[in-house]
Amino acid sequence: MWSGRFREPLDARFEEWQRSFGFDWRLLPQEIAASKAHASVLAAAGILTPTESAQVRNGLDAMLKDCWDSARRSSLASDSRAEDVHHFVELELTAHIGELALKLHTGRSRNEQIATDLRLYVREHAAKAQELLRNWALALVERAEAAGDAIMPAYTHLQRAEPVLLAHWLLAYVSMIERDISRLADLTTRLNYCPLGSGAIAGATLALDRTIASRELGFTAPTANSMDATSDRDFLVEFLQALATIALHTSRFAEEITLFATAEFGFITLPESFSTGSSAMPQKMNPDLTELVRGRTGRIQGAVTAVTMQLKGLPLAYNKDLQEMQLPLFESVEGLLAILELLSPFTNKLGFRLQTMENAAESGFLNAMAAATYLSHRGVPFRRAHHIIGEAVRLSLDKGCELDGLTLEELRQFSPAFAEDFYSNITLAATVDCHDVIGGTARARVREALTRAKARLNSEVTSSMEVAGAHS
Ligand code: ARG
């Protein structure tokens, strides 16, 4: 590829060590798409005849079939001939169409190629992640619909705080997922500019019409500056940060499921098909899925740190350091997409122990705030009401009952504002329903939130699919 000026052959150990084909083979479809687009550009510039351009493009298509859409894909990584994916395409294309293949490298550099391939790769995988996130969100929505008015305790400081609808808890994750989807859509818009034609650093040495390749590859426009285009990787940083945030969310979900599946909580039964046993303790069923999800989050956070440190202080423009960013990228993408693939079927199969959840929501004075609100509706300042209910809680603790176990006389010794309707205002249903605000857990509000979330998720798919379809 570049041996003309060298007298000495490469040290075999160094040669092996600096190769990237062992991991960048994953970029083969992107490299082929970008090469086809470059052939169109060369044809428009009169460097390839229309027949030659067609031959090159057909050869590239044939090569994709041959190497990617076949059993060969699984052994690509061990092909020891090529230095990197760009070199591999040149070798294979030569095998397919002969000498003509060597014309394809006219007016381009591997520096612009790798920048283009990576943008295409991120765009496709961001779209894939959006699709998987949407499926998971829909699985959560479905469980929320089926949960109806079932109630569970909600926690602050991991202490029982107030009752909420089970659906409300599930929808909290849907909100996180929706932001994750929008982050991916957002960064895709920003990265969607075509580096082809940027050359090695200063721009192509031929008068190429860059808009042709940009259009063919579904980019918004050619990039604005060749030095930036060949060395920018902040789209990778942004993408990995978005993946790391998704991983954070999955880890919170995983942790809650792990906790709720303990005998101590007993809110959830784990699906057997997604759990494992212990080789020592015959009774065990372990939440390996959620534990691995939690653990993998650390690896993805590590990838963000790795690429950030690789980019820090890097002088313009291309430096080989940039190649080092690929492994953390591939590992994170493959690691996270695998998690997202599993989360929908896992969510579908979770068993909710509704009675246990409801019982837990009914003890521990989870209606104390609703009780204080009852008093404030009767003109008692909330600070006073808070204190009065605190005293009522104290008495209940002494008596070994909940607030509704106190008689009206007992309550009235703390405040004359208590009346017979106090009891109907602190039932589980009333406690939930008094949170009657947008985003609150009142039954009607949650029903409304569910309908809205579903509608949004169904319209999001259209927008993210449009981005995904841009390159095909
Ligand atoms: N494999 C290289 C990478 O991923 C391709 C670009 C090589 N460019 C160069 N000037 N050596 O960064």
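These numbers were taken from a predicted model, which means no experiment stands behind them. (Residues numbered from 1 in each chain as written. Predicted model: local features only at pLDDT ≥ 70, side-chain atom pairs only at ≥ 80, totals over all residues. Heavy atoms only, no water.)

> Please explain helix H6 (residues 110–147) as it appears in this structure.
Because each turn of an α-helix spans 3.6 residues, side chains separated by three or four positions end up pointing in the same direction. For H6, spanning 38 residues, the distance from its first C-alpha to its last is 55 Å, which sits close to the expected 56 Å at 1.5 Å a residue. Burial analysis of H6 places 29 of its 38 residues in the buried class, the great majority of the element. Where H6 begins, one side-chain oxygen reaches toward the backbone nitrogen of Asn 111, 2.9 Å away; that side chain belongs to Ser 109. (Helix = DSSP H or I, 4+ residues; strand = E, 2+ residues; numbered from the N terminus. Expected span 1.5 Å × (residues − 1). Buried < 20%, exposed > 50% of the residue type's maximum accessible area, 1.4 Å probe, protein only. Polar contact = N/O pair within 3.5 Å; in protein donor to acceptor, adjacent residues only side chain to side chain.)

> Is there a simple way to think about helix H15 (residues 382–399) in this case?
The end-to-end C-alpha distance of H15, which contains 18 residues, comes to 25 Å, matching closely the 26 Å that a straight helix rising 1.5 Å per residue would cover. The set of residues buried in H15 consists of Ala 385, Ile 388, Ile 389, Ala 392, Val 393, Leu 395 and Ser 396. Buried residues of H15, seen end-on, are gathered within an arc of 165 degrees and therefore sit on one face of the element. Among the exposed residues of H15, those pointing more than 90 degrees away from its buried face are Arg 383 and Asp 398. Looking one or two residues past H15, Gly 400 carries a phi angle of roughly 75 degrees, positive in sign. (Arc of directions from axis to C-beta.)

> So what exactly am I meant to see when it comes to the nonpolar core here?
Most often, soluble globular proteins have nonpolar side chains that are buried together. Counting residues in hydrophobic clusters, the biggest one holds 113 residues, and the most contacted among them are Leu 28, Trp 169, Leu 184 and Leu 329. By residue number, the principal contributor to this core is H6, which donates 15 residues. Not counting the four nearest positions on each side in its chain, Leu 184 is found in contact with Ala 126, Ala 129, Gln 130, Leu 133, Phe 239, Ala 242, Leu 243 and Ile 246. Counting residues in each nonpolar core, the second largest holds 23 residues, with Val 380, Ile 388, Ala 417 and Phe 422 among its members. (Core = buried A, V, L, I, M, F, W, Y, C linked by side-chain atoms within 4.5 Å. Contact = heavy atoms within 4.5 Å.)

> Please explain the pattern of salt bridges as it appears in this structure.
It is possible for side chains of opposite charge to pair when their charged atoms get near one another. A full pass over the atoms with the stated rule returns 28 salt bridges. Among the salt bridges present, the one from Arg 81 reaches Glu 92, with a minimum N-O distance of 3.1 Å. In this pair, Arg 81 sits in the loop between helix H4 (50–67) and helix H5 (85–97) while Glu 92 sits in helix H5, placing the two residues 11 residues apart along the sequence. Judged by relative accessible area, which is 45%, Arg 81 ranks as partly exposed. A salt bridge links Arg 378 to Asp 421; the shortest N-O distance between them is 2.9 Å. With Arg 378 in the loop between helix H14 (368–377) and H15 and Asp 421 in the loop between helix H16 (408–412) and helix H17 (422–425), this pair connects stretches of sequence that are 43 residues apart. Bridged by salt links that share partners, the residues Asp 66, Arg 72, Asp 79, Arg 81 and Glu 92 form one connected network. (Salt bridge = Lys/Arg side-chain N within 4 Å of Asp/Glu carboxyl O.)

> Looking at this model, I keep getting lost on the confidence of the model for the protein. Mind explaining?
Any region with low pLDDT has predicted coordinates that should not be read closely. In the predicted model, the protein carries a mean pLDDT of 94, and the fraction of residues at 70 or more is 97%. Scored below 50 in pLDDT, residues 467–472 shows 11 contacts in the model against residues more than four places distant or in partner chains. (pLDDT = per-residue confidence, 0-100.)

> How should the side chain of Ser 20 be read in this particular structure?
When you line up the elements, Ser 20 lands in the loop between helix H1 (12–18) and helix H2 (21–24). A residue is classified by how much of its surface remains accessible, and Ser 20, at 1% relative accessible area, is buried. For Ser 20, the side chain forms a polar contact with the side chain of Asp 24, separated by 2.6 Å. One polar contact links Ser 20 to Gln 323, side chain to side chain, over a distance of 3.3 Å.

> What's the story with a nonpolar patch on the surface in this structure? I'm lost.
Where nonpolar side chains cluster on the molecular surface, the patch consists of Leu 10, Phe 14 and Trp 17 and spans about 360 Å² of accessible area. Checked against the element boundaries, Phe 14 lands in helix H1. (Patch = residues over 30% accessible without salt bridge, like charges linked within 9 Å, V, L, I, M, F, W, Y side chains within 5 Å. Areas by Shrake-Rupley, 256 points an atom, 1.4 Å probe, with all protein chains shown as cover.)

> So what exactly am I meant to see when it comes to the site of the ligand here?
The full set of residues close to the ligand is Ser 20, Asp 84, His 86, Arg 110, Asn 111, Ile 114, Tyr 318, Gln 323 and Gln 326. A distance of 3.2 Å separates a nitrogen atom of the ligand from a polar side-chain atom of Asp 84. A distance of 2.8 Å is found between a nitrogen atom of the ligand and a side-chain nitrogen or oxygen belonging to Gln 323. Alone, the ligand offers 340 Å² of accessible surface; in the complex the protein occludes 86% of this. At 3 residues, H6 tops the list of elements feeding residues into the shell around the ligand. Class assignment of the residues belonging to the shell around the ligand gives a composition of 2 nonpolar, 5 polar and 2 charged. (Near = heavy atom within 4 Å. Nonpolar A, V, L, I, M, F, W, Y, C, P; charged D, E, K, R; others polar.)

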